[in-house]
Amino acid sequence: MSRTQSPGATHGAHAPGKVGEVMMAVAMSVGRGAAARALAEIAGLTAEDRLVDVGCGPGAAVREAARRGAAATGIDPSAVSLALARRIAARANQGSGSVLFRQGRAEALPLPDASATVVWSLSSVHHWQNPAAGFAEIYRVLAPGGRLVIAERLVRPGGRGPAAHGLSRDRADEFARELAAIGFAGAGTRLTRVRRSTMILIEARRPVSPDPDQP
Ligand SMILES: C[S@@+](CC[C@H](N)C(=O)[O-])C[C@H]1O[C@@H](n2cnc3c(N)ncnc32)[C@H](O)[C@@H]1O
């Protein structure tokens, strides 16, 4: 699928509304460097990679990928976040990589089949309206052998307000099972520390061969 239409603002599990969208974009424009660097390390990102960041917000992790030499594309439904992302990227040192931002949602990625070697998503999947559709889209967009890393703040089940902004261990395990059912190989979860936060990671890869016995 290749869509370029404007999908509008967020309507996912934690739809913020227009004011919330602006507040989230501003909040996510500072202090994201450590998480972005951790993500790049976890994904084993190299200058050979074509990286897609789903739910990139103002783009800290996209810029980190470009600094490491990758061709990096950030996708987000929020026009506010994308405007900020483009402004910051225009002033930032991007090393030898490249940066592109496109409006879109996880559930309908505006990207060609098999066009990415790495897809990651930081603090975004808990906002998606339809995570299963997002996972299917990521599978489509990943080249065979491509890696997926989803990173979220670990939260307790049933939290409300700010305490709901993340994933519980059970929810993350459920997502890993959904990824395996779609055909991802090696789908699993684990915890990691980023500064004082505990993050939950969901990692998987698109198999080189669609045969589940030949990962
Ligand atoms: C908490 S912010 C995280 C931004 C960035 N990844 C970071 O960590 O700095 C969540 C982002 O997910 C985006 N988002 C919401 N629903 C989405 C969807 N269905 N598909 C992709 N991104 C979505 C929001 O617009 C927002 O920019």
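Right above here is the structure, for reference.
Calculation rules
- Residues numbered from 1 in each chain as written.
- Predicted model: local features only at pLDDT ≥ 70, side-chain atom pairs only at ≥ 80, totals over all residues.
- Helix = DSSP H or I, 4+ residues; strand = E, 2+ residues; numbered from the N terminus.
- Buried ≥ 20, exposed ≤ 12 C-beta atoms within 10 Å, placed from the backbone.
- Near = placed C-beta within 6 Å.
- Nonpolar A, V, L, I, M, F, W, Y, C, P; charged D, E, K, R; others polar.
- Pairing = 2+ DSSP bridges.
- Axes fitted to C-alpha atoms, helices over the stretch in contact; angles between N-to-C directions.

**Q** Now, about unusual backbone geometry: what can you tell me, with residues and values included?
**A** Even without glycine at this site, A114 takes up a positive phi of about 55°. Mapped onto the elements of the fold, A114 is located in the loop between β3 (98-103) and β4 (116-122). Even without a glycine there, the phi angle at S123 is positive, about 55°. Mapped onto the secondary structure, S123 falls in the loop between β4 and α5 (131-141). Judged by local crowding, S123 falls into the buried class, with 21 C-beta atoms found within 10 Å.

**Q** A description of the site of the ligand should follow, citing residues and the corresponding values.
**A** Around the ligand sit 23 residues in total, of which G55, G57, A106, S124 and H127 are the nearest. Class assignment for the residues of the shell around the ligand results in nine nonpolar, 10 polar and four charged.

**Q** Describe the sheet that holds strand β2 (residues 71-76), with residues and values.
**A** Sheet architecture is open: seven strands sit in the order β3-β2-β1-β4-β5-β7-β6, paired in mixed fashion. Unpaired on one side and paired on the other, β3 and β6 (185-194) mark the two borders of the sheet. For this sheet, the mean inter-axis angle between neighbouring strands, taken without regard to orientation, is 20°. With five bridges joining them, strand β1 (residues 50-54) and β2 adopt parallel strand pairing. Within β2, the residue paired with L51 across the bridge is A72.

Remember, this is a structural readout, not a statement about activity or role.
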